[in-house]
Amino acid sequence: MPVKDNVQIAPAEGKLGVLIPGIGAVSTTFIAGVEAIKRGLGLPVGSLTQLSTVRLGKRTDGRSPKIKDFVPLAGLDDLVFGGWDIYEDTAYEAAVNAKVLEPSLLAQLKEPLAAIKPMKAVFDPEYIRRINGPNVKTKGSKMDKALALMDDIAQFRDSTGASRLVMIWCASTEVFHRAAAVHQTLESFEKGLCNNDPEIAPSQIYAYAALKSGVPFANGAPNLTTDTPALLDMARDLSIPICGKDFKTGQTFMKTLLAPGFKARMLGINGWFSTNILGNRDGEVLEDPGSFKTKEETKLSVLDQILQPKLYPELYKDLYHAVRINYYPPRGDAKEGWDNIDIFGWLGYPMQIKIDFLCRDSILAAPLVLDLVLFMDLAQRSGMRGIQEWLSFYFKAPMTAPGLYPEHDVFIQLMKLKNTLRWMRGEDLITHLGLEYYD
Ligand SMILES: NC(=O)c1ccc[n+]([C@@H]2O[C@H](COP(=O)([O-])OP(=O)(O)OC[C@H]3O[C@@H](n4cnc5c(N)ncnc54)[C@H](O)[C@@H]3O)[C@@H](O)[C@H]2O)c1
């Protein structure tokens, strides 16, 4: 048993409120999934917090508790849900429209899902194009909208009796933009909110409202959002955890499985062409070049950082990497992603690998939402603040301290996550050196 925890972890008492901008395919699949699992209608496949174990001590010790028995996490029965969307559909209607889960399963979950009515969203058609809806806050400046979100948060806390909250962005992808002058300090950011500065995106207004309300914020989309000095400083100063960006599912997940393998064996890559067709609302928003650019940036950066072409120019210097996404309505949420990988081996002899991944985006994303919610709450109760790099495992573009390159290799990310849990509980970190077994 641990001698002494490295951090004091407050107990997970009371309800944990999950606040979600975006009541769409991912968030309703997550909420419906939790309700189904609570009723014994399904298993939490894909969730580390529910299924994974963590090995403690030596391989010969036989200690491998489940993560949820090793660190104090909120239970599924303690979760309560709320959110915002530009459409008025309840979570039940949104789940039916998303067509991810079977109507017969949704019918059994109608009561809890229909009770989730989205609050009015903060929306700006300049940031999310191709969709528009009636359920939006229209009055006042961006600061007034931030204050209205803080009111929503306080009311949700009161009405549900939640003792703690976490916010997770599951809304559409905003257009690409970089941090501007207004994002440099909290002072300039707040001034910008009051002056309706066009550089401030809706997701940043939600993040500001969350942090001001003492609520951890996770970003499931590739938007800039908290990745700006003003909001990073705010999270650190107020001792609130943040993490992001862009859930690592589907094709990029496959990339982060394969690329470290090729590199481990010192195999070269000439080209990696990835193309996707998908027909859900996410796909429709991504048809817009601005939103696609945001996505493309996070998808492209992965290979470069895993393969380190500067260290291995003879293997990866000339790698041609392209990513395409096409909106193709007949497929709905059932995406198809093709990868053509041109690799080369001994003496430069070429080989090809083809992958055709018929995946279900929201089915892959839902367990990530659950884990992030539970781990962000754990981080908050453990007094951890600012960027939670140990949650990189879940993201295509993990946030890191300025100047630090992100770690994309999913197995290194997993080791980091589990070592962080061991560290929290005062257990030895696992290095895989293993010489002691041969003494
Ligand atoms: N499914 C995956 O595997 C995956 C992976 C990585 C990232 N993501 C990202 O997760 C997000 C959600 O994906 P999805 O498939 O659920 O999309 P979706 O289109 O089904 O849902 C997004 C919802 O957000 C709403 N919305 C848009 N702007 C809003 C705002 N300002 N405030 C509140 N609500 C707003 C939309 O009306 C929509 O209902 C997207 O940004 C997507 O790129 C998904």
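Residues numbered from 1 in each chain as written. Predicted model: local features only at pLDDT ≥ 70, side-chain atom pairs only at ≥ 80, totals over all residues. Heavy atoms only, no water.

Asks: Would you mind going over the site of the ligand with me for this structure?
Replies: Around the ligand there are 30 residues in total, and V26, D85, V122, A171 and T249 lie nearest to it. Measuring from an oxygen atom of the ligand, one finds a side-chain N or O atom of D85 at 2.7 Å. In isolation the ligand offers 840 Å² of accessible surface; the protein chains occlude 98% of this area. Of all elements in the fold, only α1 (25-38), β2 (79-85), α12 (281-286) and α15 (361-381) reach the threshold of two or more residues within the shell around the ligand. Grouping the constituent residues of the shell around the ligand by class yields 17 nonpolar, six polar and seven charged. (Near = heavy atom within 4 Å. Polar contact = N/O pair within 3.5 Å; in protein donor to acceptor, adjacent residues only side chain to side chain. Areas by Shrake-Rupley, 256 points an atom, 1.4 Å probe, with all protein chains shown as cover. Helix = DSSP H or I, 4+ residues; strand = E, 2+ residues; numbered from the N terminus. Nonpolar A, V, L, I, M, F, W, Y, C, P; charged D, E, K, R; others polar.)

Asks: How do you make sense of the side chain of T420 when you look at a structure like this?
Replies: Here T420 lies in helix α16 (residues 410-424). Looking at T420, the relative accessible area reads 12%, which means it is buried. Setting aside its immediate chain neighbours within four residues, T420 contacts M384 and W390. (Buried < 20%, exposed > 50% of the residue type's maximum accessible area, 1.4 Å probe, protein only. Contact = heavy atoms within 4.5 Å.)

Asks: Sorry if this is basic, but what is going on with the sheet that holds strand β10 (residues 350-360) here?
Replies: Strand pairing in a sheet is mediated by backbone hydrogen bonds. Such pairs are either parallel or antiparallel. Overall, mixed pairing links the four strands, which are arranged β8-β7-β9-β10 in an open sheet. Two strands close off the open sheet at either side, each with one partner strand: β8 (320-327) and β10. Looking at each pair of strands side by side, their axes are set apart by 10° on average, direction ignored. Lying over the sheet, α15 contacts β7 (268-278), β9 (334-344) and β10, oriented at roughly 80° with respect to β10. (Pairing = 2+ DSSP bridges. Axes fitted to C-alpha atoms, helices over the stretch in contact; angles between N-to-C directions.)

Asks: I'm lost on the pattern of salt bridges in this one. Help?
Replies: One side chain can pair with another of opposite charge once the charged atoms of both are near each other. Evaluated as defined, the whole model comprises 16 salt bridges. As a salt-bridge pair, E35 and K38 come within 3.2 Å of each other at their nearest N and O atoms. Of the two residues, E35 and K38 are both situated in helix α1; the distance of three residues between them amounts to about one turn of the helix. Residue E35 is classed as buried on the basis of its relative accessible area, which comes to 7%. For K38, a relative accessible area of 32% gives the class partly exposed. (Salt bridge = Lys/Arg side-chain N within 4 Å of Asp/Glu carboxyl O.)

Asks: How should I be thinking about the sheet that holds β2 in this particular structure?
Replies: Read from one edge of the open sheet, seven strands run β3-β2-β1-β4-β5-β6-β11, paired in parallel fashion. Bordering the open sheet on either side are β3 (119-120) and β11 (386-387), each of which pairs with just one other strand. Here strand β6 (residues 241-243) pairs with β11 via two bridges, running parallel. Bridge pairing in β11 links P241 to G386. Here α1 sits on the sheet and contacts β1 (15-21) and β2; the angle it forms with β2, its principal contact strand, is near 160°. Helix-sheet contacts for α15 involve β1, β2, β4 (162-169), β5 (217-219) and β6, and the interaxial angle to β4 is about 130°.

Asks: Help me out: how do you make sense of unusual backbone geometry in this one?
Replies: For residues besides glycine, phi is generally negative; the peptide bonds are generally trans as well. With an omega of -5°, the peptide bond between G244 and K245 qualifies as cis. Looking at the secondary structure, you find K245 in the loop between β6 and α11 (250-264). The phi dihedral of K99 falls on the positive side, at around 55°, and the residue is not glycine. Considering the arrangement of structural elements, one finds K99 in the loop between α4 (91-98) and α5 (103-108).

Asks: Is there a simple way to explain the pairing of β4 in this structure?
Replies: In the case of a regular strand, side chains alternate between the two sheet surfaces. Burial within β4 is extensive, with seven of its eight residues counted as buried. With five bridges joining them, β1 and β4 adopt parallel strand pairing. The residue bridging G17 from the neighbouring strand is L165, located in β4. Two strands pair when backbone bridges link them, and β4 and β5 are joined in this way by three bridges, in the parallel orientation. Bridged to I168 within β5 is A218.

Asks: Quick question: what am I supposed to make of the pairing of β1 here?
Replies: Buried residues dominate β1, accounting for six of its seven residues. Both β1 and β2 contribute to a ladder of six bridges, which runs parallel. Bridging from a neighbouring strand, I20 pairs with G83 of β2.

Asks: How should I be thinking about the packing of helix α7 (residues 142-160) against helix α9 (residues 202-212) in this particular structure?
Replies: Packing of α7 against α9 leaves a shortest axis separation of 9 Å and a crossing angle of 50°. For the element pair α7 / α9, the angle class is oblique. Considering only the axes of α7 and α9, their crossing is right-handed. Each of K142, M143, K145, A146, L149, M150 and I153 in α7 lies in contact with α9, whose residues at this interface are I205, Y206, Y208, A209, A210 and K212. Each residue belonging to the contact of α7 with α9 can be placed in one class, and the counts come to 10 nonpolar, no polar and three charged. (Parallel < 35°, antiparallel > 145°, perpendicular 65-115°, else oblique. Left-handed = near helix turned anticlockwise from the far one by under 90°.)

Asks: I tried to follow the packing of aromatic side chains on my own but got confused; where do I start?
Replies: The description of two aromatic rings rests on the distance between their centres and on the angle between their planes. According to the stated counting rule, one finds eight aromatic pairs in the structure shown. Measuring from centroid to centroid gives 5.5 Å for W169 and Y206, while their planes differ by 70°, and the two rings are edge-to-face. Within this pair, whereas W169 is found in strand β4, its partner Y206 is found in helix α9, the two being separated by 37 residues in sequence. Ring plane angle 80° and centroid distance 6.5 Å describe the contact between Y312 and Y316, whose orientation is recorded as edge-to-face. Judged by relative accessible area, which is 2%, Y316 ranks as buried. One aromatic cluster is present, formed by W84, W169 and Y206 through successive ring pairs. If you follow K293 out to its NZ or CZ, it ends over the ring of F176, 4.7 Å from the centre. (Phe/Tyr/Trp six-rings, centres within 6.5 Å; stacked < 30°, edge-to-face > 60°. Lys NZ or Arg CZ within 6 Å of the ring centre and 35° of its normal.)

Worth remembering: the numbers are spatial, not functional.
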